[in-house]
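Structural characterization, general
Residue strings, one per chain:
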Amino acid sequence: MAERCFRLLPRGPRSLLSNLAQQRIPVTCSGPNSTRVTRTVRHGSSYFNSVYPVDDQTIIKEGTERVRVTRRNEGQYLPTQQYSDVNTIYEGFYRGKKCSNDGPLLGSRTGPDNCYEWMSFSQLEEKARLFGAGLMSLGMLPNGESFVGIFATNRAEWTIADFACVCHSIVTVPLYTSLGKDAIKYIVNQTNMSLLICDTMQKAETVLGESAALPSLKTVVVCDLPADGTDDTQRRFEAAGLKLLSFNDVLSAGTANPCELVIPTPSSLNTVVYTSGTTGVPKGVPLTHRHYIVNHANIHSTFDVGIYATPKDVHLSYLPLAHVFERATQYHCLIHGVPMGYSRGDPLLLLDDIQTLKPTFLFGVPRVYNKIYHEVMLSVSNASPVKRALFNFAYQQKLKELKRGVQRRDTIWDKLVFKKIQDIFGGRIRLLFSGAAPISAEVSTFYRATMGCVFFEGYGQTETTSCITHTIDTDMTAGHVGIPGADMQIKLVDVPELNYFSTEDVGEVCVKGSNVFDGYFKEPEKTKEAFDEDGWLHTGDIGRWNKNGTLSIIDRKKQIFKLSQGVYVTPEKVENVYIRLPLVMQIFIYGDSLQPHVVGIVVPDPTALKKIGEGKRVTGSYEDLCKSEVVTNAVLKVLQKHGKDDGLQGFEQVQAIALHPEQFSEQNGLLTPTLKSRRTELKKYFQNELDRLNQNLERS
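Presented here is a report on the structure given in the accompanying data block. Residue numbering note: each chain is counted from 1, following its sequence as written. Where totals are concerned, whole chains, interfaces and linings use all residues; where local detail is concerned, this predicted model gives features only for residues with pLDDT of at least 70, and gives and counts side-chain atom pairs only at 80 or more. Side-chain metrics rest on all non-hydrogen atoms present in the structure, leaving aside hydrogens and water.

1. Here we look at the layout of surface pockets
When its volume is computed, the second largest pocket comes out at roughly 1,100 Å³. Forming the boundary of the second largest pocket are 41 residues, of which Ile554, Asp555, Arg556, Ser593 and Lys683 lie nearest the centre. Strands here mean DSSP runs of E at least two residues long; helices mean DSSP runs of H or I at least four residues long; both are numbered from the N terminus. A total of 5 residues in the lining of the second largest pocket trace back to one element, the largest contributor, which is strand β26 (residues 551-556). Basically, the charged four are Asp, Glu, Lys and Arg, the nonpolar ten are Ala, Val, Leu, Ile, Met, Phe, Trp, Tyr, Cys and Pro, and anything else, Gly included, counts as polar. Its residues assigned to classes, the lining of the second largest pocket comprises 19 nonpolar, 11 polar and 11 charged. For each structure, a 1 Å grid was placed over the protein atoms alone; sets of points admitting a 1.4 Å probe that cannot get out are labelled cavities, open sets with protein on both sides within 12 Å along at least five of seven lines are labelled pockets, and lining residues have an atom within 4 Å of a point. Grid points are joined across faces, edges and corners, and a volume is the space filled by probe spheres set on the points.

2. Quick notes on the sheet that holds strand β31 (residues 654-659)
The strand order across the open sheet built from 3 strands is β29-β30-β31, with neighbouring strands paired in mixed fashion. Both edges of this open sheet fall to β29 (584-591) and β31, since each of them pairs with a single strand only. Across the sheet, the mean angle separating the axes of adjacent strands is 25° when strand polarity is ignored. One requirement defines pairing of two strands: DSSP has to find at least two bridges between them. Bridging between strand β30 (residues 598-604) and β31 involves 5 bridges; their strand directions are parallel. The residue of β31 that forms the bridge with valine 602 is leucine 659. The axes used here are C-alpha line fits, helices contributing only the stretch in contact, and every angle between their N-to-C directions lies in the interval 0 to 180 degrees.

3. Regarding the nonpolar core
Buried Ala, Val, Leu, Ile, Met, Phe, Trp, Tyr and Cys residues that are joined via side-chain atoms within 4.5 Å together make up what is termed a nonpolar core. To sort residues, take the accessible area from a 1.4 Å probe on protein chains only and compare it with the maximum for the residue type: under 20% means buried, over 50% means exposed, and anything in between is partly exposed. By size, the foremost hydrophobic cluster in this structure holds 113 residues, and its most contacted members are Phe131, Ile197, Leu362, Tyr369, Phe425, Leu432 and Tyr447. Residue contributions to this core peak at 9 residues, all from helix α4 (residues 156-167). Each residue touching phenylalanine 131, except ones within four places of it in the same chain, is listed here: Ile160, Ala161, Ala164, Ile197, Phe247, Val250 and Leu251. Grouped together as the second largest cluster of nonpolar side chains are 44 residues, Val569, Leu639, Ala656 and Leu671 included. Whether two residues touch is decided by their heavy atoms; if any such pair falls within 4.5 Å, the residues are in contact.

4. Side note on helix α13 (residues 385-403)
A rise of 1.5 Å per residue sets the reference length of α13, with its 19 residues, at 27 Å; its end C-alpha atoms lie 27 Å apart and thus fit the reference within 8%. Taken residue by residue, α13 has Phe391, Ala394, Tyr395, Gln397, Lys398, Leu399, Glu401 and Leu402 as its buried positions. For α13, the elements touching its buried residues are α12 (366-382), α14 (412-424) and α15 (441-451). Backbone geometry just after α13 places glycine 405 at a positive phi near 85°. Under the convention used throughout, the expected extent of a helix is 1.5 Å for every residue step, that is, one less than its residue count.

5. A word on the packing of helix α2 (residues 89-99) against helix α3 (residues 121-137)
With their axes 10 Å apart at the nearest point, α2 and α3 run at an angle of 150° to one another. When the interaxial angle is binned, α2 and α3 end up roughly antiparallel. Facing Tyr90, Phe93, Tyr94, Gly96 and Lys97 of α2, the residues of α3 in contact are Phe121, Ser122, Leu124, Glu125 and Arg129. Residue classes in the contact of α2 with α3 are distributed as 5 nonpolar, 2 polar and 3 charged. Roughly parallel means an angle under 35 degrees; roughly antiparallel means over 145; roughly perpendicular covers 65 to 115; every other angle is labelled oblique.

6. Remarks on the pairing of strand β18 (residues 361-364)
The alternating pattern of β18 places Phe361 and Phe363 on one face and Leu362 and Gly364 on the opposite face, and all of these are buried. In terms of strand pairing, β18 meets strand β19 (residues 431-434) through 4 bridges, oriented parallel. Considered in β19, the bridge of leucine 362 is made with leucine 432.

Here it is in structure tokens:
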């Protein structure tokens, strides 16, 4: 079954994927508490010894600012490109094509029995050349003069369009649904976008409804343009001043109008990636080819030899390509010739995609890892006493090995106990990577032990082309995000209002490096806010240096939090929406970066609450009504309906609340003298209640 799930389109060599050998993971290294760890890594038929000081991973540069860089190469800056012949994504593609021997690259579940069918490097190259020529025939201009939007989920057409723009030096602007209509209008107008690629007619119809407010937009290309009723649909678009085309129409236009490529340079603008708009409208981050090549070196410069990707690996692409994390990962795969299989975009089908594709790499976010972890632990808790005892004993044995620096999956415990967990991920995983939000030490340790593979955690921003720091494979400790790579420099600065001081190795994380962007798109004032006078990018995150030289992210400078799926929520914005309800006297919104949802504490209006109680046939005092689960659920539904009507995104909406009968005040320490919420004190005061709400959501 595994072999027939890999088929090259239309015909071609199948051996590369059908003969994928299971990779042996690193199995030997000395204890993590020693000064240096020597690790033997099996990779193919060769063995490599690597040395890395896991207990002293960064160096403090001379000076008063306590700037840290990686200790590797004794603090010397590492190369900002991994391969001398790869200076652009265009050159990276051809390196990948060569090292894979023109092997399979893009996989989609379109084959018999819903198996993966594959497009080779050459096939992608041909389609990208034609699609790019088609874009040029539609009036697109090279060298940063034209911006093409991509409003689609991960699929082959996304990558074809992206590489077509690379080949012709056209700038891409990815869009994602959670931006909302107003943000999409803002982006289209700010970039003067003239062509937008959508995967479905539903998204195209959204744009059609806003066409009067999008004067620059002239053409909409739909990947899944239905054959029936196309003429009527095209007439509606034409009436709105828009040309509607299918993806194949653009390919045909390219066939009829061939043109020369416009090869990008390292300084060529590749894309403008917009942030999620945490404090108003989203901000555009322009990224050049150079930024992505440096980011690639940043990631790989601190890997040991046996971790490098090869054409024998397989990557599952399911995180949104509209975000910088997955986009950078896709470029890594291109450079190394790694086949990429797309998920079907449905979270409920993700595990089936994984088990069909059987990837060797999985780049994920804490939400996915947490969900699987909780399901496994729930299964263990419901198992018989004998099975539960066996699991716990086996887990303790693997933890002992981790403490000795040994990481493997060929023990008796792997065969008897942990194989089922490994099979959840397809059985061939040799590297797991978590990013976009912090993951708990408990969960990352669980995967290191049960999967017997390297588990990386990374930290970054769109403004840094994704990566600021990441953990190293020889460090098996948890609770941190590792060290800077390549030429990245990090310093912490004082945040006195939150009682954080750099002299105590705690403060706001500020960074410099070649993968840091140059400034927001057409936003000079916001650029000035992001950088200080010495050129340091202020991230807004609060970091702490650990004794082993690694960085932990412990807080946010501004009152903005990131959920586990990587999206930001501005609590005051959400609170200001809900507080408009007569039912709500006061409200405190809270999100944990280890959780995918928002929860809240509501002080309800007594009269309005009594009416809700009567409607649900619940009586009692104000305090009794606040304790009623029925009344609480009814209040939650009112909040969610109001939030939806007022334009809140799904991830901004509270998913669970508790009703509190006592008002926040200056007297109880929950409000400032100017009657503003003291968010830190509110969190401390309601910590047990917030934990209960999150735990209930996890179990639901």
